[in-house]
Structure formats: structure tokens, C-alpha cells
Amino acid sequence: MKRYLAIRVAVMPLLLFGIASIVFVVSRLTPADPLVSIVGERNLTNPQIVAAARARWGLNDSVPVQYAKYMKNLVKGDLGTSFTTRRPVLHDLLDRLPATLELTFVALLIGVVFGVGLGVLAARNRNRLIDHVARFVALIGSSLPAFWAGLLVLYIFYARLGWLPGPGRIDPRSVAPGHITGFYTVDSLLHGDWSMFVQSVKHLILPASVLGWGVVGIVTRLVRASLLDEFSMEYVRVARAMGLRERTVVNTHALRNALLPTITIVGFLFAFLLTGAVLTETVFSWPGVGSYAVEASRKLDYPAIIGVTILGGFAFLITNLITDIAYAVADPRIRLS
Amino acid sequence: MSADVPGVDSNVTAGRRPILSVSDLCVTFTTSAGPARAVRGVTFDVYPGESVAIVGESGSGKSVTMMALLGMVANADISGSATYRGSELIGMEVSRLRHIRGSKVAMIFQDPMTSLNPVLTIGRQMSLVMQAHQPDLSKKAARTRAIELLDQVAISQAARRCDSYPHELSGGMRQRVMIAMAISNNPEVLIADEPTTALDVTVQAQIMELLGDLRRDHHLAMVLITHDLGVVAGAADRVAVMYAGRIVEQGAVGPLFADPGHPYTRGLLDCLPRLDERHEIRASIAGVPASPMSLPPGCPFAPRCSYVESRCSESEPFLERHHETLSACFVLAGDGLAAAAVDG
Ligand SMILES: Nc1ncnc2c1ncn2[C@@H]1O[C@H](COP(=O)(O)OP(=O)(O)OP(=O)(O)O)[C@@H](O)[C@H]1O
Ligand SMILES: [Mg+2]
């Protein structure tokens, strides 16, 4: 197992290299001209400005030369400079990453907690009313468009009821907690700023619920199905025959096993949520990587687009690795092999 | 009534009540293809400390009978009665029944490979069983007791094994763990449902020996379910032979082996000498076992029986005295042959 993980880590740079190459090529294949976003529509007719921009951004080089340069810089950890923000893409991404990760983690937590809860409820009341209700609630989450759901909850809980704050990570007039991890919830606690913590949690609730609800359906279905599988297992029958409480039979015996398949898809869920974060961040004006990506594609900001994609690929590889490790820890049969 | 039952040692029964008393138990499954009459009027008693074997081919209803009395059969109509020390088990709410399962009446199953939870340690699973019936038992005390029990079932390095997972143990060791778990709450009755069928022949003997030792040491009553009449000889006091959901012959081991009153029992015994391999019984009696979905009108064994007469397909025979056993056969039992009574 250790050997296997070591190999996995060793091939990660190669995979990232491949991802970067593909995105680079694909982005150069698009017919649109990035000059528009660099110099602006008006200056496009001014040959001097255009020539200067071409020279400055290296667009005079042939594509293979551009590719070689990009890769050389990439190895050094340089993702290039954004056309629009005029800052190193890496800095932009690192600034925005904590916002996205915080949102995604909370969404994942919500998705898994509610998904497992509803799945257990559904399985224990198989084919009864509770089962149908639980599955319906879960299903709504996966079928409502995040955009629409986001606007709806903003309308209800912010505009109408005023229970929760509107878009953004914090209130417009507040000052973000001093940067330590970039997670506002964590940083505010580290600074001992309780009211800031409460504020950032309140801001997280709506976007994280909208995002997380999308995976509740997936988790519910999976947990219900694998729990029903476990219920037909001999060891469950034995546990009942030994006089264990039904609660113990379900929560301690069956659920342990039923959660194994769920652990295997956590990586997939995380990737799913990262993708979903693009829309959610846009609706909730969340200053994360998702909204950055939307901006970048709108402006044909190639360095930013490629940077986001590489980051996404990296995140995916990491989560898969963590998933494998988590699975091994949870399943003693794998741990030892 | 117990005095009439041939084969029950009067020393055992004298002044004693059965711990487990099953009477006219019927289990009918509702299946999509119609009702399946898996158990049809089974009656037997188990007295403190004795060992009763239930023998029969696959599908004869042995497991369902025992599962039904522990309330572990779903999707079925259950009628008749099964009492543990006088309290009726059939229809008892699960919340009360739970206190009997594993605590007074414990059961071990055929396949030790699947009977244990793969993701919990042996010790943890044993603790769960103990704590189900002794809620005040601390974690530490449960562990100490688990090690003690593993020691008792002859598992070496018990303390280390306590932290092992099931997949680290051999089949025989897992069955020992199951047995340790079953006796962990000091039950009075141990139901062993084909405890050795899934094991190697050499291990089978060890497990049977262990069960015998425990039975003696703990004064356990045992119900041993098996395919194999060969196992029965050394391990049981009495035998009930089941066929198609009924007990077709019942008696003490000696007389039943020496002078069986039912052609089916004779068939089972006839294949014994050749029975060096498992699963041989079925192959040795000609024909297929009767299906609980479509039973013939008369004696369910008639289609396979070499003693068959015309009356056999008219009505079903009930248990009657045949020498020293009770047999449900028109031809061999109840013909006035049974003049000699055991306890007469
Ligand atoms: N849940 C169920 N639904 C329908 N029929 C069932 C169900 N469980 C058992 N049966 C039927 O009841 C009959 C008796 O089964 P049982 O398991 O008691 O047999 P057995 O004597 O223990 O056999 P084996 O030696 O194979 O364990 C079988 O014909 C079986 O098909
Ligand atoms: Mg069985």
C-alpha cells in the first residue's frame, strides 16, 4: 500500500504536465484573439499599441516556442501573468483559493452529513413514507440548477426574511480578519474575533448549502443502497441474533461498511463541488477561484484559464490520493495488504 | 406428557421442565410464487443440559425453525408456540425478545467467514455482544472478559487476537470466536446451525470437541443442526429427523441409529459409511427433496420411498411409536410392531 501511494505521488507531476499541455494546446486552438482583452476593443486599430502588446506578452513567438517558454516557467512555479489583473496568475489563485476551499469544504460537510443522515433514514424505513420523502428531498438537490437555487434562497432568507446576510464572504463594511490561513472562519478564531467568526459562518450558510445540496442526492442514494446491501449480510443477522439493539446493528455494524463506498466517492464529490463552485461563487459574489475562472474565460485571459485548469487538475489528483488513503484507513482488509 | 416421549432419559426429565418447548410450530413464507410451507407443525422440547440434534437434508426447514423461535424470520406467517422457560416467544415484541437472543438462547451459524463484521476487531464485536446485555460493563472489563473467553475457546495469544480483524483469522478460528461470542453472556441454550459445514474436516472434529467441552463445563443445553448423522453420534443425546418441514422421526441416539422407524432415516443412515466427504447425503438418497412450494398430498417422502404403499399418497402420517422412537410412517411404524416400550 505504501509503495502504491509513493508511486501515485511520483507520477503526479507527469499528470500535471500532461494537463497543462492539453489546456495550452486547446486554448491556442480557439479562434478568438486574446489581444482584444489585452488592449481593449478601441485600441485594436492602433498598430503601435498592438505591436507593443504582442511583443510584451510574447504573442509574436510561434506556438511551439510559446509552449516551451510556458512549460519552462511552469517548472519554476510561474504560471505567467494574467492579461486582466496584470498580476502573476499564481498570486491571484493563491489569494482566491482559500475562499473557494472554505466554501467547498463546508459544502462537502453539509452534503455528506445530510446525505448520510437521509440515506440511513431511507434505508431503515425502506419503501415507507419516510423513505420516499427522504429520497425526494435528496433528489431535488441534484436536479435544481445551482444558479436558480442560489437566487431563490437569497430571495427568501436574505431579501424576504432577513435571517441571513446577502452575497460576499463578509459584510461590505467589515474588514477581513488578518491573513493566516485565508479561511475567514479559522482566521477569525485564531485572532479571537468571535463576532467575525459568527459573521463569516452566517455568510457561508447559504452558498455552502446551495452547493452542498447538489451532492446530498448522490450521497443519499449511495448510502441507502449500500446500507440495504449490508442489511442482507450474514454478520447483520448474527448481530441481531446476539441480541444487539437495532440502533447498534445499524450505526456500529452496518453503517461502517456502508460508508466505505461513500469514502471512495468523496474525491469525486469534491471535484464535483469545485466545478459547481464556479456557478455558486458567481451568484453569491464569492471571491474565489470559480468567479475568477468565469472572469478569465469571459476575457480570454489565457494564462489565468490555464492556471485555473492546472489548479483544478492538481486538486483532483490530491483528493484522489486522500480518498485512497482514507479508504485504506477505514478498511482494515486494505490497510494491511 | 414428557414421560411418554421415548428416548428422553427419565433422569433428565424427572421433575424438570424443558427450557425450550416448541409445539406445533408452522412457518409459511409468502413468496411471489405463492406460499412456501417451510415448517409444518414441529414439536420438540429441549431440557436443561441436554443436546438435541436436528438432522435433515437441505431445505427441510431446520434453520427456519430455529430462526422463527428467535423472531428472526421476516415475510412469513408463523403459528404455534415456542416457549423459553414458559414465556411465549412467538409474537413477542422485538424489544423483549432482544433480551433473550444472545443472552439466554444464543445461536452460531454455518459460515464463520461471513458471520463476523469485516471492519470491526474481534474484541470490539465481542464487547458489543456483551454490552448489549450488560449495559454497565465498562470497555476495559469487556475487553478483559473477551480475552478470557478467547482463551476458553482455545485461541492462542488471546490478547493479540482481540485486536485482530476477522480476515486475519482462519475459518476454524473465526468459528471459535463465534462460539466465544455466543457463550459470552452465559446462555442456557446454544443453537448451533451447521457449525462445521464450512470447515475443513480436521477442524470440524476440533470444533465439535470444543462444543462438547463447553456444554459440559457450562451445563449448556444445545440444539445442533446438521446434515451429517455422523456428527450426531458423539454430540447429541436425542435426534429429530426433519423432512419437508416436519419432524418425521424422533428418539434417543442409540435406538434411532440401531432401529430407525422411518425410511428416510434409514436412507440417511445407509449413506453414512460412505460419508467420508461432505454433501454426500443428498446424492445418496434417490430423488429430490420435496419443495415447500408444492408438497404432494400424502407423505412428502412417498415419491422417494422404497417402502411406499398406496395409502402413503392418501394422507400424511403423524408421529407414532415405533419400538423406541417416534416415527411418521404408515408402513414401518404404528403397525403394532412397537410392542416393546422403553420405559414400560
Ligand atoms: N425468506 C424466505 N423466503 C421464502 N422461502 C424461504 C425463506 N427462507 C427459507 N425459505 C425456504 O424454507 C425452506 C427451509 O429452509 P431452511 O433454511 O430452514 O432449510 P435448512 O433445513 O436449514 O437447509 P440447509 O441445510 O440448506 O441449511 C427452504 O425450502 C427454503 O427455500
Ligand atoms: Mg440451514
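Just so you know, these numbers come straight off a predicted model, no measurement behind them.

Conventions we followed
In this numbering scheme, every chain counts its residues from 1 along its sequence in written order. The order in which chains are written sets their letters, starting at A; the order in which ligands are written sets their numbers, starting at 1. Whole-chain, interface and lining totals are the exception, using all residues; otherwise, since this is a predicted model, local features are given only for residues with pLDDT of at least 70 and side-chain atom pairs are given and counted only at 80 or more. To get the side-chain values, all heavy atoms of the structure are used, and hydrogens and water are removed first. Residue burial is assigned from relative accessible area. The probe radius is 1.4 Å, only protein chains are included, and a residue is buried under 20% of its type maximum, exposed over 50%, and partly exposed in between. Going along the chain from the N terminus, every DSSP run of H or I of four or more residues is numbered as a helix, and every run of E of two or more is numbered as a strand. For two strands to count as paired, DSSP must find a minimum of two bridges between them. Nearness here has a simple test: a residue counts as near a molecule or strand if at least one of its heavy atoms is within 4 Å of that partner. Within 3.5 Å is the distance limit for a polar contact, defined as a pair of N or O atoms, with the added protein rule that one can donate a hydrogen and the other accept it, and that residues adjacent in sequence qualify only through two side-chain atoms. When residues are grouped by polarity, Ala, Val, Leu, Ile, Met, Phe, Trp, Tyr, Cys and Pro land in nonpolar, Asp, Glu, Lys and Arg in charged, and all others, Gly among them, in polar. In what follows, a contact means two residues having at least one pair of non-hydrogen atoms within 4.5 Å. Two parts placed together each lose some accessible area; with a 1.4 Å probe, that loss summed over both constitutes the buried area. Salt bridges are defined by distance alone: a side-chain nitrogen of Lys or Arg within 4 Å of a carboxyl oxygen of Asp or Glu. Stacked, edge-to-face and tilted are the three classes for Phe, Tyr and Trp ring pairs, Trp counted by its six-membered ring, which pair at centre distances within 6.5 Å; planes under 30 degrees apart are stacked, over 60 edge-to-face, the rest tilted. The rule for a charge over a ring is simple: NZ of Lys or CZ of Arg within 6 Å of the ring centre, and within 35 degrees of the ring normal.

A. A look at the pairing of strand S3 (residues 51–55) of chain B. All names here are of chain B. Across the 5 residues that make up S3, a large majority, 5, are buried. Taking every second residue as pointing to the same face, both faces of S3 are buried, with Ser-51, Ala-53 and Val-55 on one and Val-52 and Ile-54 on the other. Note that S3 and strand S8 (residues 221–226) share 5 bridges and pair parallel. Each bridged residue has a counterpart across the sheet, and for Val-52 the counterpart in S8 is Val-223.

B. Geometry of unusual backbone geometry. Residue and element names in this part refer to chain B. One non-glycine residue, Arg-85, adopts positive backbone phi at about 45°. Relative to the assigned elements, Arg-85 resides in the loop between strand S4 (76–84) and strand S5 (87–88). Its relative accessible area of 48% is what places Arg-85 among the partly exposed residues. The phi dihedral of Asn-186 is positive, around 50°, even though this residue is not glycine. Position of Asn-186 among the secondary structure elements: in the loop between helix H8 (171–183) and strand S7 (189–193).

C. Up close: the site of ligand 1. Residues and elements named next belong to chain B. Taken together, 14 residues are adjacent to ligand 1, and Ser-58, Ser-63, Val-64, Glu-194 and His-227 come closest. One of the side-chain N or O atoms of His-227 is found 2.9 Å from an oxygen atom in ligand 1. Every element with two or more residues in the shell around ligand 1 is listed here: strand S1 (20–31) and helix H2 (62–69). Top element by residues in the shell around ligand 1 is H2. It accounts for 3 residues. A class-by-class count of the residues in the shell around ligand 1 yields 4 nonpolar, 7 polar and 3 charged.

D. Spotlight on the interface of chain A and chain B. Taken together, the 22 residues of chain A in the interface contact 26 residues of chain B. For the pair chain A and chain B, the summed buried area comes to about 2200 Å², and 66% of that belongs to carbon and sulfur atoms. Taken together, chain A and chain B are joined by 0 salt bridges. Taken together, the connections running from chain A to chain B amount to 7 residue pairs in polar contact (both at pLDDT 80 or more). Counting residues per element, the ones that place at least two in the side of chain A that touches chain B are helix H10 (234–241), helix H11 (246–283) and helix H14 (332–335) of chain A. A class-by-class count of the residues in the side of chain A that touches chain B yields 9 nonpolar, 5 polar and 8 charged.

E. A look at the packing of aromatic side chains. Taken as a whole, this structure holds 10 aromatic pairs over all chains when the rule is applied. With centroids separated by 4.6 Å and ring planes inclined at 55°, the aromatic side chains of B:Tyr243 and B:Tyr264 adopt a geometry described as tilted. With B:Tyr243 in strand S9 (residues 238–243) and B:Tyr264 in helix H12 (residues 263–270), the pair connects residues that are 21 residues apart, well separated along the chain. Residue B:Tyr243 is classed as buried on the basis of its relative accessible area of 2%. Among the residues examined, B:Tyr264 registers a relative accessible area of 0% and is labelled buried. Three or more aromatic residues link up through ring pairs in this structure, and these residues are A:Phe24, A:Tyr67 and A:Tyr70. Between A:Arg169 and the ring centre of A:Tyr184, over which it is positioned, the NZ or CZ distance is 3.7 Å.

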